[in-house]
Structures are given as C-alpha cells and as structure tokens.
Amino acid sequence: MISERRTAILNLIIEHYLQTGEPMGSKTLCSLLPYSISSATIRNEMAYLSQLGFLEQRHTSAGRVPSKASYRYYVDRLMQQQDVTEYEIDKINKFLSVNAGDPERLLSDAAKLLCEYTHCASFYCTLEDPLDCIQGIDLIPAGNSKAMVVMLTAGSKIKSSLINMQCPVDDEFRYTFYSLVNKYFISTPLAEVNQAFIQTCAVAAGERVFDFLPVLTSLCSLCDEASKTKFVLDGETNLLSHQELGSDVYKLLSFLAGREQLTEFVKKFAQSGESNALFIGDENPIYEMKNTSTFISQFTYGNNQKAALGIIGSIRIDYKKIIPRVRYIVTTVDKLLFGGGIV
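In this numbering scheme, every chain counts its residues from 1 along its sequence in written order. Restriction of local features to residues with pLDDT of at least 70 applies here, the model being predicted, together with a cutoff of 80 or more for giving and counting side-chain atom pairs; totals for whole chains, interfaces and linings are based on all residues. Side-chain numbers come from the whole structure's heavy atoms, not from hydrogens or water.

1. Some details on the overall build of the protein chain
Reasoning step 1: To qualify as a helix, a DSSP run of H or I must reach at least 4 residues; to qualify as a strand, a run of E must reach at least 2; elements of each kind are numbered from the N terminus. Check the secondary structure of the protein chain and you find 12 helices and 10 strands.
Reasoning step 2: The globule rule used here is 2.2 Å times the number of residues to the 0.38 power, and the radius of gyration it is set against is calculated over C-alpha atoms. For the protein chain, whose C-alpha radius of gyration is 27 Å, the value lies well above the compact-globule estimate of 20 Å for 343 residues.
Reasoning step 3: The burial tally for the protein chain puts 48% of its 343 residues in the buried class.
Reasoning step 4: A separation threshold of at least 6 residues defines the contact pool for the protein chain, and within that pool the share at least 24 residues apart is 61%. Throughout this description, buried means an accessible area under 20% of the type-specific maximum (1.4 Å probe, protein chains only), exposed means over 50%, and partly exposed covers the range between. Residue contacts are defined here by distance: any two heavy atoms, one from each residue, within 4.5 Å place the two residues in contact.

2. So, the side chain of Ser 314
Reasoning step 1: Tracing the sequence through the fold places Ser 314 in strand E10 (residues 305-314).
Reasoning step 2: Of the residues examined, Ser 314 reaches a relative accessible area of 1% and is grouped as buried.
Reasoning step 3: Pairing of N or O atoms within 3.5 Å defines a polar contact, subject to two protein rules: one partner must be a possible hydrogen donor and the other a possible acceptor, and residues neighboring in sequence count only if both atoms are side-chain atoms. From its side chain, Ser 314 meets the backbone nitrogen of Arg 316 in a polar contact 3.3 Å long.
Reasoning step 4: When near neighbours in sequence (up to four residues on either side) are disregarded, Ser 314 contacts His 242, Glu 244, Leu 245, Asn 291, Thr 292 and Ser 293.

3. So, the environment of Asn 144
Reasoning step 1: Summarising the element assignment, Asn 144 is placed in the loop between strand E4 (134-143) and strand E5 (146-153).
Reasoning step 2: The spacing of Asn 144 and Phe 212 is 68 residues in sequence and 17 Å in space, taken between C-alpha atoms.

4. Points about helix H3 (residues 39-51)
Reasoning step 1: Between its first and last C-alpha atoms H3 spans 18 Å; for 13 residues at 1.5 Å apiece the expected length is 18 Å, and the two agree.
Reasoning step 2: Of the residues making up H3, those classed as buried are Ile 42, Glu 45, Met 46 and Leu 49. The arc enclosing the buried residues of H3, seen along the axis, measures out at 100°, which places them on a common side. Seen from the buried face of H3, the exposed residues on the opposite side, beyond 90 degrees, are Asn 44 and Gln 51.
Reasoning step 3: Buried residues along H3 sit in contact with helix H1 (4-20), helix H2 (26-32) and strand E1 (55-56).
Reasoning step 4: Positive backbone phi, at 90°, marks Gly 53, one or two positions downstream of H3. A helix's residues, less one, multiplied by 1.5 Å, set its expected span. An arc is given here, and it is the one of the directions from the helix axis to the C-beta atoms.

5. Considering the packing of aromatic side chains
Reasoning step 1: Pairing of aromatic side chains requires ring centres within 6.5 Å, counting the rings of Phe and Tyr and the six-membered ring of Trp. Pairs whose planes differ by under 30 degrees are stacked, by over 60 edge-to-face, and all others tilted. As enumerated under the stated definition, the model contains eight aromatic pairs in all.
Reasoning step 2: An angle of 80° between the planes, with centres 6.4 Å apart, marks the rings of Phe 269 and Phe 279 as edge-to-face. With a gap of 10 residues between them, Phe 269 in helix H11 (residues 260-270) and Phe 279 in strand E8 (residues 276-280) connect regions that are remote in the sequence.
Reasoning step 3: Three or more aromatic residues link up through ring pairs in this structure, and these residues are Phe 265, Phe 269 and Phe 279.
Reasoning step 4: Remark: a charge is flagged as sitting over a ring if the NZ atom of Lys or the CZ atom of Arg is within 6 Å of the ring centre and within 35 degrees of the ring normal. Between the NZ or CZ atom of Arg 6 and the centre of the ring of Tyr 48, over which it lies, the distance is 3.7 Å.
Reasoning step 5: Across from the ring centre of Tyr 17, 5.7 Å away, lies the NZ or CZ of Arg 316, which sits over that ring.

6. Regarding the sheet that holds E10
Reasoning step 1: Strands were regarded as paired on the criterion that DSSP finds at least two bridges between them. Strand order in the open sheet made by the five strands is E7-E3-E10-E9-E8, with antiparallel pairing throughout. Whereas interior strands pair on both sides, the edge strands pair on one side only; in this sheet they are strand E7 (230-234) and E8. Shown here is a sheet whose adjacent strand axes are inclined to one another by a mean of 15°, direction ignored.
Reasoning step 2: Relative to E7, strand E3 (residues 121-126) runs antiparallel, the two sharing five bridges. When the bridges of E7 are listed, Tyr 124 appears paired with Val 232. Every axis corresponds to a line fitted to the C-alpha atoms, with the helix fit spanning only the stretch in contact, and the corresponding angles, defined between N-to-C directions, vary from 0 to 180 degrees.

7. Brief notes about the side chain of Arg 325
Reasoning step 1: The residue Arg 325 is located in helix H12 (residues 319-337) in this model.
Reasoning step 2: When sequence neighbours within four positions are dropped, the list of residues in contact with Arg 325 reads Gln 82, Asp 83, Val 84, Thr 85, Glu 88 and Tyr 117.

8. Regarding the layout of surface pockets
Reasoning step 1: Counted as a void, the largest pocket has a volume near 360 Å³.
Reasoning step 2: Contributing to the lining of the largest pocket are 22 residues, with Thr 118, Arg 316, Ile 317, Asp 318 and Ile 322 lying nearest its centre.
Reasoning step 3: Per-element accounting of the lining of the largest pocket gives the leading share, four residues, to H12.
Reasoning step 4: Under this grouping Gly is polar, as are all residues other than the nonpolar Ala, Val, Leu, Ile, Met, Phe, Trp, Tyr, Cys and Pro and the charged Asp, Glu, Lys and Arg. In terms of residue class, the lining of the largest pocket is built from six nonpolar, seven polar and nine charged. Lining residues are those with an atom within 4 Å of a point, where the points come from a 1 Å grid over the protein atoms alone and group into cavities, where a 1.4 Å probe fits but cannot get out, or pockets, open sets with protein on both sides within 12 Å along at least five of seven lines. Grid points are joined across faces, edges and corners, and a volume is the space filled by probe spheres set on the points.

9. What to know about the sheet that holds E5
Reasoning step 1: Here three strands make up an open sheet; going across it, the order is E4-E5-E6 and the pairing antiparallel. In the strand order of this sheet, the two ends are held by E4 and strand E6 (158-164), each with one partner. Going from strand to strand, the sheet's axes swing by 15° on average, the running direction of each strand aside.
Reasoning step 2: Two strands pair when backbone bridges link them, and E5 and E6 are joined in this way by seven bridges, in the antiparallel orientation. Residue pairing in the sheet places Leu 152 in a bridge with Ile 158 of E6.
Reasoning step 3: Along the sheet, helix H9 (residues 209-227) makes contact with E4, E5 and E6, crossing E6 at roughly 150°.

10. Comments concerning the packing of helix H7 (residues 171-185) against helix H8 (residues 195-204)
Reasoning step 1: In the contact formed by H7 and H8, the axes pass within 11 Å of each other and the chain directions differ by 140°. Our classification of the angle between H7 and H8 gives oblique. In the crossing of H7 with H8, the sense of the turn from one axis to the other is right-handed. Contact with H7, carried on its side by Leu 180, Tyr 184 and Phe 185, involves Phe 197, Ile 198, Thr 200, Cys 201 and Ala 204 of H8 and no other residues of that element. Roughly parallel here means an angle under 35 degrees, roughly antiparallel means over 145, roughly perpendicular means 65 to 115, and every remaining angle is called oblique. Should the near helix be turned anticlockwise from the far one by less than a right angle, the crossing is left-handed, and should it be turned clockwise, the crossing is right-handed.

Structure below.
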C-alpha cells in the first residue's frame, strides 16, 4: 500500500493520461490536488512512485506517465467505475434477447455490442466438442427447385444451408428423407459424419440416390462446420484509433488476422476454469499482445459446451467506463446461455 497523498497523485496522473495521452507535470498536479502542496514535494512523491515502478519519465524535462504496472494497481485499487445507465441496460437487454435461443448468434450480437461500447476489437469463440451429436434435422421446401436444410445439435448449435434440388421436395421425398435421418443421423456424433458415412446413407436411398445426394452432402458440410472450433474477430478497425499503439497497430492487426495463436490462447483460457480475466500489457501471454489490454470471459452451457467472448484494445483504454459495460454484457450473455431471463 502507498500513502493517501501518493495514491491521489498516482490516480490523477493515470486518469489524466488515459484521457489525454499526455504526461503530467508537478505544476499541473498542484492545481488539481484538493489541498495545498509545493511543486518540490510533488516532484519528490513522483520520484518515489517512479522507484516503485508506477511512473515513467520519457524525457528528462517531461512530466510523468503511468507504467504498465500502474494500470493494474489502478484497476484493482483506485478506479471508480462508471455505472451502466438504465438506457444502456435496456438497449443491451433488448439487443441480446433477439437471438437468445441460438448461442452462436447470441455471441455474435454480444461481440457487436462490445465493439460499440468499448471502441475496441471484439471476438467470440465456440469450442469444438467431440461428444456433440445431431439432435434434429428439418427439410423445408423453398420453391424454385430449392430447399432449406436445418440441423440442431445437442450442444445447441443451429446450422442451415440452402440447397439446389434435382427433384420436387414433395411428401414422398420428405418421408424417405426423415426415415434416413432417424435411422442414420439422429444421436450420431458430428465427428462421425464424413464422406464414408454419407455414402452409406446414399446407398440406403436406393434408386433415388442422386435425388438425395445434394441434401446428404450439405448435411455432411454442416456437421463438419458445427464440429470445429469457430473464432470470429470483429471491429479490428477500431484499433486504428488507439493512438497508444502507434505504428505497432499494423503489426497487431497482422497478428490478429492470423487467428491461430489467439484461438489457442482462448481455448486454454476456456479450459482453465476461470470465469473472466483482464490481461494488461505484459500480463498477456502472447508476445504480440504485450501492448494491449485484453478482457476475456468464458461460458459453459448446454451439454458442457464451451465458448468465450472478449475485447482487445490498447493499454490506454477508459477502464472505469469500459469494464462495467463489458461485465454487464458478458453477465447477460451468461444468463441467456443458461436459458434464464433478463431481470
């Protein structure tokens, strides 16, 4: 712990830098502190805070700026959160309620909200589950020799595809189709639906094999898509306005475009048992993200399905405004994933 006066000085320097990106000198601090104190005393206190590793002086004659370590101290001990407004709560609740029954769309909507309320990049990730299986399949005629096939998994994943059909989707076709579905697809693990599996189903279709092949092939693709980890990044261009990143923003964007390392990081976090975490600067386990602040939250829902949601921004983000809004959004998503209502 540091003294009350040093705490006040550190808090003023951090909040000033978060708002302006400019260093703060002793004279400015004198005018902001609620009590009288000399510039010399303030300089001594700033020097002490620098020795503790909380402040940095980039030039000899310049004022002080926060170090990466000071942001953690600020978030944990100094920050006065800016509460989410009733208007924001109502808007978030309504927006997330639209796709509350579809986990992937719900996570996608939440990622869009995170971009809007934080002006950072956001991401969501649904993790593969080797035990997930097919719960239901429907075939819907769509006119003009087309049909929509819709698949629901036990893990609440909903996948659909529009298919060009070679025959009418009449009652006879649908009867045969649902017979194949009930015999071969229902309760089958997604990972087992491959080309060999589809060939077996096609043989069972008999002389109508070529009529059923487009639907069976589409189902194979849907199962393949649903069985894999899905990582989606949104709002990357927001990072271009984060001045703290400087020219390194292009290296960060290039890294994020690759997805692989970030996906692995998200997978490990989702398996860690932690509900959420904020990684500031060097706390980030990935080298390319050492100049960022990353908030990540993980969810377990349905039949032990796992997903994650988060944001990536510069270290100089408005923590007291952003963190409460991120937490409200992820808490609301968590409730909806469990099938609960929003109070």
